[in-house]
Amino acid sequence: MNPVLKWLGTHSKDRIAKLISTEGVARPVPHDLVCLEDLAYTSADSAPLEADAYRPADMSADPLPIAVFVHGGGFFVGDRKANRAYAELLAKRGYVVLVPDYRLIHETDGLGAIADVCATLAYVTSHAAEFGGDLTRVLMIGESAGAHLALYATALAHSAKLREALGIEAPELAVRGLACFSGMFYTTGNDPIGLVYRRDLYGDRLRDETFRQLVNPEDPRIESQLPPMLLATSGADFLKSYTLRYNRSLAMAGHAHRLIYYPRGKELTHAFPSLKPGLPQSQEVLDELDAWFRAL
C-alpha cells in the first residue's frame, strides 16, 4: 500500500471511532423508526458484507422510495454507523434507507469496492419487498469516496456494456436519482489524490488506455448511464474543485443535474450534509434533495 494511505489509515482510526461512538451506536433508535441491523450478504467473490436498514415503524402505507447511502472515508477508513443520524433523518422523511459497508483499500482495490456496492444493489433488488421498498423509486447517495462508488455502481446497474468492460457484476436496476456530497470523483490525475491513490485503486490496469478512460467519470460512456444528479459542496470543502469540475462536465454534456454550493461558512466542511446533519444548511440540502427526488 502507498505509505501515505497506510499512515492515513493508522492515524484516522481514533477520529472515526469518535464519530461513530455515542451519537451513532449508543443512542436508541427513535420510536417512530425501525432499524434492521447487520443484514448479511456477500460480494461477487463471496466476501462477507453487511448493511443496516432504516424505515418508518408504520409500514401501512404504499411501498416507500429506497435510498442507498454509501459512506465516505477516502477508501481507507469509514463505517456505515458513522451515518446513522443522516439515515434516520431520511427514514423520517418516508424512505427505506440502506447503509452498507464495503471493503476498504487494505482489503480490496477500487473495483472491488465498486463491486461491493453493486452487491448491495443486488441485495436491495432481492429484498426490497421485505423492507416495504419500491424498486421503481431508488435513490443513490454517496459522500466523498462513497460518491465515487455510488456513481459507478449506478452506471453499472444501467449498462451491460460497462459491466462487461469493467468485469463487475451488477443487477439491472433503474436508479432514478444520484446525489453526491463532496464527491471524490477523480482518482487517476496528477494531483495529490491521483498520485496517492491510483496504483492502490487500479494497479496495472491503468496501462490499458480504455480502462484509464473508463475510470474518469467524465467519459461519455459513464455519464450517459447516469440518472439526474444532485451535487453538493462548499467553500470549506477540501474537494470542492472536484464537484465544481464535475458540475461543468455535466453541464457541457447537457446532463440533467443540480448543484448546491455554499461558498461561505467555515463550519461547512467536507461532506457536511451527511456528516453534520444538524446544521441549518444541512437541513436545507436535505429539504432540496427530498423535493428534487420526489419530482423526478
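Just above sits the structure.
None of these values were measured; they are calculated from a predicted model.

Conventions used here
- Residues numbered from 1 in each chain as written.
- Predicted model: local features only at pLDDT ≥ 70, side-chain atom pairs only at ≥ 80, totals over all residues.
- Heavy atoms only, no water.
- Helix = DSSP H or I, 4+ residues; strand = E, 2+ residues; numbered from the N terminus.
- Rg over C-alpha atoms; globule rule 2.2 N^0.38 Å.
- Buried < 20%, exposed > 50% of the residue type's maximum accessible area, 1.4 Å probe, protein only.
- Contact = heavy atoms within 4.5 Å.
- Areas by Shrake-Rupley, 256 points an atom, 1.4 Å probe, with all protein chains shown as cover.
- Lys, Arg positive; Asp, Glu negative; His and termini not counted.
- Charge placed at Lys NZ, Arg CZ, Asp CG, Glu CD.
- Pairing = 2+ DSSP bridges.
- Axes fitted to C-alpha atoms, helices over the stretch in contact; angles between N-to-C directions.
- Left-handed = near helix turned anticlockwise from the far one by under 90°.
- Nonpolar A, V, L, I, M, F, W, Y, C, P; charged D, E, K, R; others polar.
- Expected span 1.5 Å × (residues − 1).
- Core = buried A, V, L, I, M, F, W, Y, C linked by side-chain atoms within 4.5 Å.

Undergrad: Looking at this structure, I do not really get the overall build of the protein. What am I missing?
TA: A tally of helices and strands in the protein yields 13 helices and eight strands. Computed over the C-alpha atoms, the radius of gyration of the protein is 18 Å, within 12% of the 19 Å expected from 2.2 N^0.38 for a compact globule of 296 residues. For the protein, the spread of C-alpha atoms along the principal axes amounts to about 55 × 40 × 40 Å. Buried residues in the protein amount to 56% of all 296 residues. Pairs at least 24 residues apart make up 74% of the contacts formed inside the protein by residues separated by at least 6 positions. For the protein, the accessible area works out to roughly 12,700 Å², and carbon and sulfur atoms hold 54% of it. Across the protein, 30 positive and 36 negative side-chain charges occur, with their mean positions spaced 5 Å apart.

Undergrad: Even after reading the chapter, I still don't get the sheet that holds strand S8 (residues 257–262), so can you show me in this structure?
TA: Remark on secondary structure: sheet strands pair via backbone hydrogen bonds, oriented parallel or antiparallel. Read from one edge to the other, the open sheet built from eight strands follows the order S1-S2-S4-S3-S5-S6-S7-S8, with strand pairing classed as mixed. If you trace the sheet from one side to the other, it starts and ends with strand S1 (33–42) and S8, each paired once. In this sheet, adjacent strand axes meet at a mean angle of 20° when their direction is disregarded. In terms of strand pairing, strand S5 (residues 133–143) meets strand S6 (residues 175–181) through six bridges, oriented parallel. What sits directly across from Met140, in S6, is Leu178. Here helix H6 (residues 145–158) sits on the sheet and contacts strand S3 (64–70), S5, S6 and strand S7 (229–234); the angle it forms with S5, its principal contact strand, is near 145°. Lying over the sheet, helix H11 (residues 240–253) contacts S7 and S8, oriented at roughly 150° with respect to S7.

Undergrad: In this structure, what is going on with the packing of helix H5 (residues 110–131) against H6? I would like to understand it.
TA: How two helices sit against one another is set out by the angle between their axes and by the gap between those axes. For the pair H5 and H6, the least separation of the axes is 9 Å and the interaxial angle reads 60°. Viewed along their axes, H5 and H6 form a crossing whose handedness is right-handed. Where H5 abuts H6, its residues Gly110, Ala113, Ile114, Val117, Cys118 and Leu121 lie against His148, Leu149, Tyr152, Ala153, Leu156 and Ala157. By residue class, the composition of the contact of H5 with H6 is 10 nonpolar, two polar and no charged.

Undergrad: Any chance you could explain the environment of Met59 here in plain terms?
TA: Structurally, Met59 is set in the loop between strand S2 (48–56) and S3. On the basis of relative accessible area, Met59 is assigned to the partly exposed category, the value being 28%. Distance from Met59 to Glu107, taken between C-alpha atoms, is 38 Å for residues 48 residues apart in sequence. Excluding residues that lie within four positions of it along the chain, Met59 makes contacts with Leu64, Phe131 and Gly132.

Undergrad: How do you make sense of H5 when you look at a structure like this?
TA: Residues spaced three or four apart along an α-helix point in a common direction, a consequence of the helix completing one turn every 3.6 residues. The first and last C-alpha atoms of H5 sit 29 Å apart over 22 residues, in line with the 32 Å expected at 1.5 Å per residue. With 16 of 22 residues buried, H5 is to be regarded as a mostly interior element. Once H5 ends, the next one or two residues include Gly132, with phi positive near 80°.

Undergrad: Got a minute to help me understand unusual backbone geometry in this structure?
TA: Negative phi characterises most residues that are not glycine, and trans characterises most peptide bonds. We note that Phe75 has phi near 75°; this positive angle belongs to a residue other than glycine. Position of Phe75 relative to the elements: it lies in the loop between S3 and helix H4 (84–92). For Phe75, a relative accessible area of 3% translates into the label buried. Non-glycine residue Ala271 carries a positive phi angle of around 55°. Relative to the assigned elements, Ala271 resides in the loop between S8 and helix H12 (272–275). Exposure remark for Ala271: the relative accessible area of 1% places this residue in the buried category.

Undergrad: Which parts of the structure should I look at to understand the nonpolar core?
TA: Generally speaking, a soluble globular protein has its nonpolar side chains buried in company with each other. Counting 69 residues, the largest nonpolar core has Met140, Leu151, Tyr197 and Met229 as the members making the most contacts within it. Excluding its chain neighbours within four sequence positions, the residues that come into contact with Met140 are Val68, Val70, Val117, Leu121, Ala150, Ala153, Thr154, Val175, Gly177, Leu178 and Ala179. Core analysis: the second largest hydrophobic core is formed by 26 residues, Tyr86, Val97, Leu268 and Val285 among them.

Undergrad: I would appreciate a short explanation of the pairing of S1 in the present structure.
TA: Strand residues, when the strand is regular, have side chains that alternate between the two faces of the sheet. With eight bridges connecting them, S1 and S2 associate as antiparallel partners. Within the sheet, the bridge partner assigned to Thr42 lies in S2 and is Pro48.

Undergrad: I tried to follow the environment of Val124 on my own but got confused; where do I start?
TA: Inspection of the secondary structure puts Val124 in helix H5. According to the relative accessible area criterion, Val124 is buried, its value standing at 3%. Distance in space between the C-alpha atoms of Val124 and Leu173 is 9.6 Å, their sequence separation being 49 residues. When near neighbours in sequence (up to four residues on either side) are disregarded, Val124 contacts Ile66, Val68, Leu98 and Leu135.

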